[in-house]
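The residues making up each chain are set out below.
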Amino acid sequence: MAASVFSSSLFAQLFPTGDVGRLWSDTAEVRAMLLVEGALAKVQGAQGIIPADSAAFIHRSSLEVQIDPAGLAQATGQNGVSVPGLVAAFRAAMEAPEHAQYAHWGATSQDIIDTGLMLRLRQTLTAHHDLLLALLQRLGRQAETHAETPMVARTYAQQATPTSWGGMLAQWGQPLVDAYEVLPAVRDGSLWVSLSGAAGTASALGPHARETRSALADALNLTDPKRSWHTDRGPILRIVDWMADIVATLAGVGQSATALSSSECQDVILNGAGGSSTMPQKQNPVGPSALSALGHHMTGLRATLQASATHQHQRDGAAWFAEWMVLPQIALCCAAALEIANALVQSWAPNSAAADRHFAGLGGVYAEGLSFALAAKMPRPDAQDATKALIAEAQRSGQTLAAVATAAHPDLPQSLFDPVRQMGLAPDDARAFATRVARL
């Protein structure tokens, strides 16, 4: 097994990461840091901090030079960061020492690494945005179609009351719409440029350090936080919180879909479900199980990132290293969850035949409505006791609750035992969700 399922050829289709996977490679990291170095030189050249011709040469070289990450391994192992080796390799590759000497002028390793990280996070969030929108559109269309398709709601894994498949979809989809709608604020408030020098004081960046940082933010289309954030990992935590919320919601979908497609339930059909190596009858809920697994994985990753946000003094190597270990996994975890959820939603369908069996069964799916109907002619506690007695009689006699209740109380309206008329707000909620999605 590979060290990570996200970098594994064997598990590439079980935990697919799509385009996001390419953003979390050594090559992508080096490319992002070179872009930062080039933009910094261009900005400093325009300000007269470094010679304009050198700035132009460095900027052009940052777009053209190719640096093998493997060639930086020894220096990274020695220095604890990749930038010293990167800058040395970049200067050598330019083959123009009179210009190359001005590369990385006044910046520190963390400025280049963190700003490069933000460039990759921005691309990651863009990919997540597109996947999330596609997922919501699929859910919205299905919620509209199945707004009144009866299903059994469950609490504590027990049959509860009638709902609709569209209502269930809306329940899962509304938090995802919330996440979609707050993404612009997350981007604007968290995708920060970093340019504060060795200890966060910008002492080597000169008297116009603030202007340089602002210009670099503009050049890279990032936000200028107007301060150092070397030890403030808040922007990263905010982005990760957004990803973690999505993974948590989709993990819940996975758990529910696993239960709904079980042999004993069969309320949901998973087309193209996985098979067993020895049991021909099996239709394993692979996609839902993968979503649940990603939820477990994200929980551990998020806890580690929280701990790594505690930095000592003006920079903390151990905390920073820990962040590097888990942040790519978190980004890929969210990407995989969205990829899997999109595939799952395209493959599942409600099983109305199974729902009909549940509604006609001996359970108490209609018990709540029955208890309130009986409360119209007796005290509420007595109505609840009477309903429990009727359920027990139905189970003892093998009759439906509707038959037993109607025999005992002939004046009960038959609408009490019609799931379409006992779904409450579920159809309205489904349509409201579909409308909300259509407006995105």
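Note that the structure is predicted; figures quoted are calculated from it, not measured.

1. Quick word on the packing of helix α1 (residues 26-47) against helix α2 (residues 52-64)
Two packed helices can be described by the angle between their axes and the distance between those axes.
So, point 1. The geometry of α1 relative to α2 is characterised by a closest axis approach of 8 Å and an angle of 160° between their N-to-C directions. The angle between the axes of α1 and α2 places the two elements in the roughly antiparallel class. In terms of crossing hand, the pair formed by α1 and α2 is left-handed. Contacts between α1 and α2 involve Arg-31, Leu-34, Leu-35, Glu-37, Gly-38, Ala-39, Ala-41, Lys-42 and Gly-45 from the former and Ala-52, Ala-55, Ile-58, His-59, Ser-62 and Leu-63 from the latter.

2. Here we look at the pairing of strand β1 (residues 150-155)
So, point 1. Sheet analysis places β1 next to strand β2 (residues 158-164), joined by five bridges and oriented antiparallel. Residue pairing across strands places Met-151 opposite Thr-163, the latter belonging to β2.
So, point 2. As consecutive antiparallel partners, β1 and β2 are separated by two residues, and within that stretch Tyr-156 has a phi angle of approximately 55°, a positive value.

3. Observations concerning the nonpolar core
So, point 1. Formed by 134 residues in total, the largest nonpolar core has its most connected members in Met-243 and Trp-348.
So, point 2. Of the residues forming this core, the biggest block, 16 residues, is contributed by helix α11 (residues 317-347).
So, point 3. Among all residues touching Trp-348, those that are not within four sequence positions of it are Leu-139, Gln-142, Trp-165, Leu-169, Trp-172, Val-253, Ala-257, Val-268, Ile-269 and Leu-270.

4. Brief notes about helix α4 (residues 83-94)
So, point 1. Helix length check: α4, at twelve residues, gives a terminal C-alpha distance of 16 Å against a target of 16 Å (1.5 Å per residue), a fit within 8%.
So, point 2. Residues of α4 that are buried make contact with α1, α2, α3 (73-79), α5 (97-100) and α6 (109-145).
So, point 3. One or two steps after α4, the chain reaches Glu-95, where phi turns positive at roughly 55°.

5. With respect to the packing of aromatic side chains
Pairs of aromatic rings are described using the distance from one ring centre to the other and the angle between the two planes.
So, point 1. Under the definition given, this model contains ten aromatic pairs.
So, point 2. Residues Trp-192 and Trp-229 carry aromatic rings whose centres are separated by 5.9 Å and whose planes lie at 80° to one another, so their mutual orientation is edge-to-face. With a gap of 37 residues between them, Trp-192 in the loop between α7 (165-190) and α8 (209-220) and Trp-229 in the loop between α8 and α9 (234-260) connect regions that are remote in the sequence. Each member of the pair, Trp-192 as well as Trp-229, is classed as buried.
So, point 3. Joined through ring pairs, the aromatic side chains of Trp-165, Trp-172 and Trp-348 make up one cluster.
So, point 4. One Lys or Arg, Arg-380, reaches over the ring of Phe-372 and ends 3.8 Å from the middle of that ring.

6. So, the state of the cysteines
So, point 1. Per the counting criterion, the structure on display carries zero disulfides.
So, point 2. No disulfide involves Cys-333; its nearest neighbouring cysteine sulfur is the one of Cys-334, lying 7.8 Å away.
So, point 3. The exposure class assigned to Cys-334 is buried, which follows from its relative accessible area of 0%.

7. Some remarks on α6
So, point 1. For α6, built from 37 residues, the straight-helix expectation of 54 Å at 1.5 Å per residue is met to within 8% by its first-to-last C-alpha distance of 54 Å.
So, point 2. Within α6, 27 of the 37 residues are buried, which leaves the element mostly enclosed by the surrounding structure.

8. Quick word on a nonpolar patch on the surface
So, point 1. Together, Phe-321, Trp-324 and Met-325 give the surface a local cluster of nonpolar side chains, amounting to about 310 Å² of exposed area.
So, point 2. Tracing the backbone through its elements, the reader meets Trp-324 in helix α11.

9. Some points on the pattern of salt bridges
So, point 1. A full pass over the atoms with the stated rule returns twelve salt bridges.
So, point 2. Arg-436 is paired through a salt bridge with Glu-181; the nearest N and O atoms lie 2.8 Å apart. Taken as a pair, Arg-436 in helix α16 (residues 426-438) and Glu-181 in helix α7 lie far apart in primary sequence, 255 residues in all.
So, point 3. On the accessibility criterion, Arg-436 (22% relative accessible area) is partly exposed.
So, point 4. One salt bridge in this structure joins Asp-241 and Arg-302, with 2.6 Å as the shortest N-O distance. Linking Asp-241 in helix α9 with Arg-302 in helix α10 (residues 286-308), this pair joins segments that are 61 residues apart in sequence.
So, point 5. Owing to a relative accessible area of 32%, Asp-241 belongs among the partly exposed residues under this scheme.
So, point 6. Taking relative accessible area as the criterion, Arg-302 reaches 17% and is therefore assigned buried.
So, point 7. Each of the salt bridges in this network shares a partner with another, and the network as a whole consists of Asp-114, Arg-233 and Glu-323.

Quick notes on the rules
- Residues numbered from 1 in each chain as written.
- Predicted model: local features only at pLDDT ≥ 70, side-chain atom pairs only at ≥ 80, totals over all residues.
- Heavy atoms only, no water.
- Axes fitted to C-alpha atoms, helices over the stretch in contact; angles between N-to-C directions.
- Helix = DSSP H or I, 4+ residues; strand = E, 2+ residues; numbered from the N terminus.
- Parallel < 35°, antiparallel > 145°, perpendicular 65-115°, else oblique.
- Left-handed = near helix turned anticlockwise from the far one by under 90°.
- Contact = heavy atoms within 4.5 Å.
- Pairing = 2+ DSSP bridges.
- Core = buried A, V, L, I, M, F, W, Y, C linked by side-chain atoms within 4.5 Å.
- Buried < 20%, exposed > 50% of the residue type's maximum accessible area, 1.4 Å probe, protein only.
- Expected span 1.5 Å × (residues − 1).
- Phe/Tyr/Trp six-rings, centres within 6.5 Å; stacked < 30°, edge-to-face > 60°.
- Lys NZ or Arg CZ within 6 Å of the ring centre and 35° of its normal.
- Disulfide = S-S within 2.5 Å.
- Patch = residues over 30% accessible without salt bridge, like charges linked within 9 Å, V, L, I, M, F, W, Y side chains within 5 Å.
- Areas by Shrake-Rupley, 256 points an atom, 1.4 Å probe, with all protein chains shown as cover.
- Salt bridge = Lys/Arg side-chain N within 4 Å of Asp/Glu carboxyl O.

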